[in-house]
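# Observations on chain architecture
So the chains spell out like this:
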Amino acid sequence: MNSLDENKERVINFEELYLALDAASSDLYSFAISVCGGRASEAEALLLDTLFLCLEKMWFVQNDKGKLSHDEYREEFFTSFWLSFQKQAKLFQFEVNRHNIASEHHGRFYQLPLFMRASIFLRAKSKFSEDSISRILGITETEVSANLTRGRDVLLGREFKNKLILEDSF
Amino acid sequence: MNISLKLPEQDDFLRYAEGIPAKNPQVEKQIQKILASNTEARQRLTELRKDLYHIESQIPQYVMPPEFGVELTKIAQTWLQVRMRKETSFRNFRWEKELIFILSLLGAILLVIGLILAKK
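Residues numbered from 1 in each chain as written. Chains lettered and ligands numbered in written order. Predicted model: local features only at pLDDT ≥ 70, side-chain atom pairs only at ≥ 80, totals over all residues. Heavy atoms only, no water.

This part is about the overall build of chain B. Each helix and strand counted, chain B has five helices and zero strands in total. For chain B, buried positions account for 28% of its 120 residues. Within chain B, contacts between residues at least 6 apart in sequence are counted, and of these 38% link residues at least 24 apart. Accessible area of chain B: about 9,200 Å², with a carbon and sulfur share of 62%. (Helix = DSSP H or I, 4+ residues; strand = E, 2+ residues; numbered from the N terminus. Buried < 20%, exposed > 50% of the residue type's maximum accessible area, 1.4 Å probe, protein only. Contact = heavy atoms within 4.5 Å. Areas by Shrake-Rupley, 256 points an atom, 1.4 Å probe, with all protein chains shown as cover.)

Below, the structure is given as structure tokens:
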């Protein structure tokens, strides 16, 4: 590959990176507010911190040899946010589970425990797979599945039946 | 010849209903075939999607305020500009391979000329 092609590839990567960043920011915004119990001021501060962290990580750790795909970058972004959030929550010990602003409209959702709420959000809104959710939240896939099952039941108000295949169908 | 045919599992169907891409594209094709040939499976998929919609509608979706979006974009653009400048700066211009090739070619030519001149 000559240097012209390399430069072209770099430009495309930058564009992809920018688009990924843009998409992830708006996607992450809703997640940030949801895990912060509906409080935008705390979520926005954390989101800005995360953005700086992610950019610096890309700069210093990945450097110019590192390549992250759109999905990987998105996952990295969510993981960084979750880590900052957990650190902040420990530092300031703010109550995030049952205190919220938007409880009237999304009461059931905000009544869910933090990890269950985060798992449900990442699955239903951000469309992450179980293994990605387990990497983002730092829990096992079994815990993620349990959180999703329980969370779906609570939000639905009855047992969520995933019985699409019938044995007599085959 | 060993042909292993694995039917999609309940979780594969759920992933399909949720719109999450399957790890194996073959599974998605199998699901589509089952749905195409089975009316009951299609009805159940509709019920499943209804439940999923009901669940999703209870999860809040917040829209980023424009001023915050602008702030984020500014940071990202500044970072990208700085990085682009770094990439294209003369100090980081990478042409080691070409330079080594040119220098070795030059060295070889000089050596040949030197040998010719020495023989004369």
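Residues and elements named next belong to chain B. Between helix H1 (residues 10-18) and helix H3 (residues 39-57), the least distance of the axes is 10 Å, while the angle of their chain directions is 65°. Where H1 crosses over H3, the handedness of that crossing is right-handed. Note on element contacts: H3 touches H1 through Leu 45, Leu 48, Arg 49 and Leu 52, opposite Phe 13, Leu 14, Tyr 16, Ala 17 and Glu 18. Looking at the contact of H1 with H3 residue by residue, the classes come out as seven nonpolar, no polar and two charged. (Axes fitted to C-alpha atoms, helices over the stretch in contact; angles between N-to-C directions. Left-handed = near helix turned anticlockwise from the far one by under 90°. Nonpolar A, V, L, I, M, F, W, Y, C, P; charged D, E, K, R; others polar.)

What follows concerns helix H7 (residues 141-156) of chain A. Between the first and last C-alpha of H7 of chain A there are 22 Å, a value that for 16 residues agrees with the 22 Å anticipated at 1.5 Å per step. The complete set of buried residues in H7 of chain A reads Val 144, Asn 147, Leu 148, Gly 151, Arg 152, Asp 153, Leu 155 and Leu 156 of chain A. Looking at the buried positions of H7 of chain A, the neighbouring elements they touch are helix H4 (107-111), helix H5 (114-124) and helix H6 (130-137) of chain A together with H1 and H3 of chain B. With its phi angle positive at about 80°, Gly 157 of chain A sits one or two positions after the end of H7 of chain A. (Expected span 1.5 Å × (residues − 1).)

Further remarks concern the nonpolar core. Residue and element names in this part refer to chain A. Counting 56 residues, the largest nonpolar core has Phe 31, Phe 81 and Trp 82 as the members making the most contacts within it. Take this core: its biggest share by element is seven residues, from H5. Residues in contact with Phe 81, not counting those within four places in the same chain, are Leu 28, Phe 31, Ala 32, Val 35, Ala 43, Leu 46, Leu 47 and Thr 50. (Core = buried A, V, L, I, M, F, W, Y, C linked by side-chain atoms within 4.5 Å.)

Time to look at the environment of Gln 88 of chain A. By the secondary structure assignment, Gln 88 of chain A is in helix H3 (residues 70-92). Along the primary structure Gln 88 of chain A and Lys 125 of chain A are separated by 37 residues, whereas in three dimensions their C-alpha atoms are 24 Å apart.

A word on the packing of H5 of chain A against H7 of chain A. Residues and elements named next belong to chain A. Where H5 contacts H7, the axes come no closer than 9 Å and their chain directions differ by 90°. One element, H5, and the other, H7, form an angle in the roughly perpendicular class. On H7, the residues touching Phe 115, Met 116, Ser 119, Ile 120 and Arg 123 of H5 are Asn 147, Leu 148, Arg 150, Gly 151, Arg 152 and Leu 155. Its residues placed into classes, the contact of H5 with H7 shows five nonpolar, three polar and three charged. (Parallel < 35°, antiparallel > 145°, perpendicular 65-115°, else oblique.)

All right, on to a nonpolar patch on the surface then. Residues and elements named next belong to chain B. Taken together, Phe 101, Ile 102, Leu 105, Ile 109, Ile 113 and Leu 117 make up a surface patch of nonpolar side chains, about 590 Å² in accessible area. Locating Leu 105 in the fold gives a position in helix H5 (residues 96-119). Taking relative accessible area as the criterion, Leu 105 reaches 45% and is therefore assigned partly exposed. (Patch = residues over 30% accessible without salt bridge, like charges linked within 9 Å, V, L, I, M, F, W, Y side chains within 5 Å. Salt bridge = Lys/Arg side-chain N within 4 Å of Asp/Glu carboxyl O.)

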